[in-house]
Amino acid sequence: MIERIGIVGGGQLGRMETLAAKPLGFEVIVIDPTKISTAHGDIPSSPAAQVGAEQIIGNLDDPEALQELAKRIGPDAPITWEIEHINTDELVRLEDEGYNIQPSPRSLAIIKDKLTQKQHFEARGLPIADFQTLDDEADFDSVCARWVNFITKSRTGGYDGRGNQVQTGQAWHEVLDHFYELYGPDAQLYAERTVKLQKELSVIV
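Everything numeric here is computed off the predicted structure, so don't read it as measured data.

Engineer: Please clarify how the overall build of the protein chain should be interpreted in this entry.
Structural biologist: Scanning the protein chain from terminus to terminus reveals seven helices and eleven strands. Dimensions of the protein chain along its principal axes, counting C-alpha atoms only, are 60 × 45 × 35 Å. The contacts in the protein chain between residues at least 6 apart in sequence include a share of 55% that link residues at least 24 apart. As displayed, the protein chain offers around 12200 Å² of accessible surface, 51% of which is attributable to carbon and sulfur atoms. Computed over 19 positive and 33 negative side-chain charges, the separation of the two mean positions in the protein chain equals 6 Å.

Encoded structure:
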């Protein structure tokens, strides 16, 4: 019988998962950097820990923290995540060693980069908005000449509107300044043409 669950991330979704799992008798262990530092040491203080999860204090991309979580959870019980900005390479390695990572981190590796996500969907015939890589100013000028309305996006690290910039006539250097301030000079960008939405559906499985 599975008696414990591991979660990479102890934020609001980890909190909700913990609230659902604890009454069913599951032990929940999360990785999260949130802590309160005191004279006697660091105290875990993630939202999940506040409702009964045990917390490994560590960054979500820390291989050692992920390895510790895997060892404590064991090879049969599931490890999942509540945020996409994590170390998929290490999770793939743990999966290859026989740990039960759900969903597969190979799927996460595709979707955490919004450009590869779009390319993956396009290759499978799914209807998506037009998009283009923005590697340099020539790419940006090409998009500006073809599309009246578009959004420049960071390929990784975006959430809840962070990493998106609606284009309203900004010059290329202004676009770079905006994203470099958020992500540094290694920011990778792409453009997505806006579409008229009728409704938004969220499917949770």
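Engineer: What exactly am I supposed to notice about a negative patch on the surface here?
Structural biologist: Taken together, the side chains of Asp135, Asp136, Glu137 and Asp141 make up a negatively charged region of the molecular surface. Looking at the secondary structure, you find glutamate 137 in helix H6 (residues 137–146).

Engineer: Even after reading the chapter, I still don't get the sheet that holds strand E1 (residues 4–8), so can you show me in this structure?
Structural biologist: Paired through backbone hydrogen bonds, the strands of a sheet run either parallel or antiparallel to each other. With respect to topology, five strands assemble into an open sheet ordered E5-E2-E1-E6-E7, the strand pairing being parallel. Bordering the open sheet on either side are strand E5 (54–57) and strand E7 (100–101), each of which pairs with just one other strand. As paired elements, strand E2 (residues 27–32) and E5 share four bridges and run parallel to each other. Note on E5: the bridge partner recorded for aspartate 32 is isoleucine 57.

Engineer: Explain the packing of helix H2 (residues 63–73) against helix H3 (residues 88–96) here, please?
Structural biologist: To describe two helices that pack against each other, one gives the angle between their axes and the distance between the axes. In contact at an axis separation of 10 Å, H2 and H3 are set at 30° when each is read in the N-to-C sense. Where H2 crosses over H3, the two elements pack in a sense that is right-handed. Contacts from Pro63, Leu66, Gln67 and Ala70 of H2 reach H3 at Glu90, Leu91, Arg93 and Leu94. Looking at the contact of H2 with H3, its residues break down into five nonpolar, one polar and two charged.

Engineer: How do you make sense of the pattern of salt bridges when you look at a structure like this?
Structural biologist: Side-chain pairs of opposite charge can arise where the charged atoms are in close proximity. All chains considered together, the criterion is met by 13 salt bridges. For lysine 35, the salt bridge is made with aspartate 42, and the minimal N-O distance between the two is 3.3 Å. Taking the relative accessible area as the measure of exposure, lysine 35 reaches 41% and is therefore partly exposed. Linked by salt bridges that have partners in common, Glu54, Glu68 and Arg72 make up one network.

Engineer: Could you clarify how one ought to interpret the pairing of strand E3 (residues 35–38) in this entry?
Structural biologist: A regular strand places its side chains so that they alternate between the two faces of the sheet. Where E3 meets strand E4 (residues 41–44), four bridges bridge the pair, whose relative direction is antiparallel. Looking across to E4, one finds that isoleucine 36 is bridged to isoleucine 43. The turn linking E3 back onto E4 is made up of two residues.

Engineer: For this particular structure, what's the right way to read unusual backbone geometry?
Structural biologist: The bulk of non-glycine residues show a negative phi, and the bulk of peptide bonds are trans. For the bond running from glutamine 102 to proline 103, omega is -10°, close enough to zero to count as cis. Along the polypeptide, proline 103 turns up in the loop between E7 and helix H4 (105–111).

The rules we used
- Each residue is numbered by its place in its chain's sequence as written, counting from 1.
- For this predicted model, a pLDDT threshold of at least 70 governs which residues receive local features, and a threshold of 80 or more governs which side-chain atom pairs are given and counted, while totals over whole chains, interfaces and linings are taken from all residues.
- As a convention, hydrogens and water are excluded, and side-chain values are obtained from all of the structure's heavy atoms.
- A run of DSSP states H or I qualifies as a helix once it reaches four residues; a run of E qualifies as a strand once it reaches two. Both are numbered from the N-terminal end.
- Should any heavy atoms of two residues lie within 4.5 Å, those residues are counted as being in contact.
- Areas reported as accessible are Shrake-Rupley estimates using a 1.4 Å probe. Residue values count occlusion only from the protein chains shown.
- We treat Lys and Arg as the positive residues and Asp and Glu as the negative residues; His and chain ends play no part in the count.
- The location of each charge is read from NZ of Lys, CZ of Arg, CG of Asp or CD of Glu.
- Patch membership requires over 30% relative accessible area and the absence of a salt bridge. Like charges are linked within 9 Å, and nonpolar side chains (Val, Leu, Ile, Met, Phe, Trp, Tyr) within 5 Å.
- Here, a salt bridge means any side-chain nitrogen of Lys or Arg that lies within 4 Å of a carboxyl oxygen of Asp or Glu.
- Strands are labelled as partners when DSSP assigns at least two bridges between them.
- The axes used here are C-alpha line fits, helices contributing only the stretch in contact, and every angle between their N-to-C directions lies in the interval 0 to 180 degrees.
- Here a crossing is called left-handed whenever its near helix is offset anticlockwise from the far helix by less than a right angle, and right-handed whenever the offset is clockwise.
- Lys, Arg, Asp and Glu make up the charged group, whereas Ala, Val, Leu, Ile, Met, Phe, Trp, Tyr, Cys and Pro make up the nonpolar group; the residues left over, Gly among them, are polar.
- Partly exposed residues are those whose accessible area sits between 20% and 50% of the maximum for their type, while under 20% is buried and over 50% is exposed, using a 1.4 Å probe and protein chains only.

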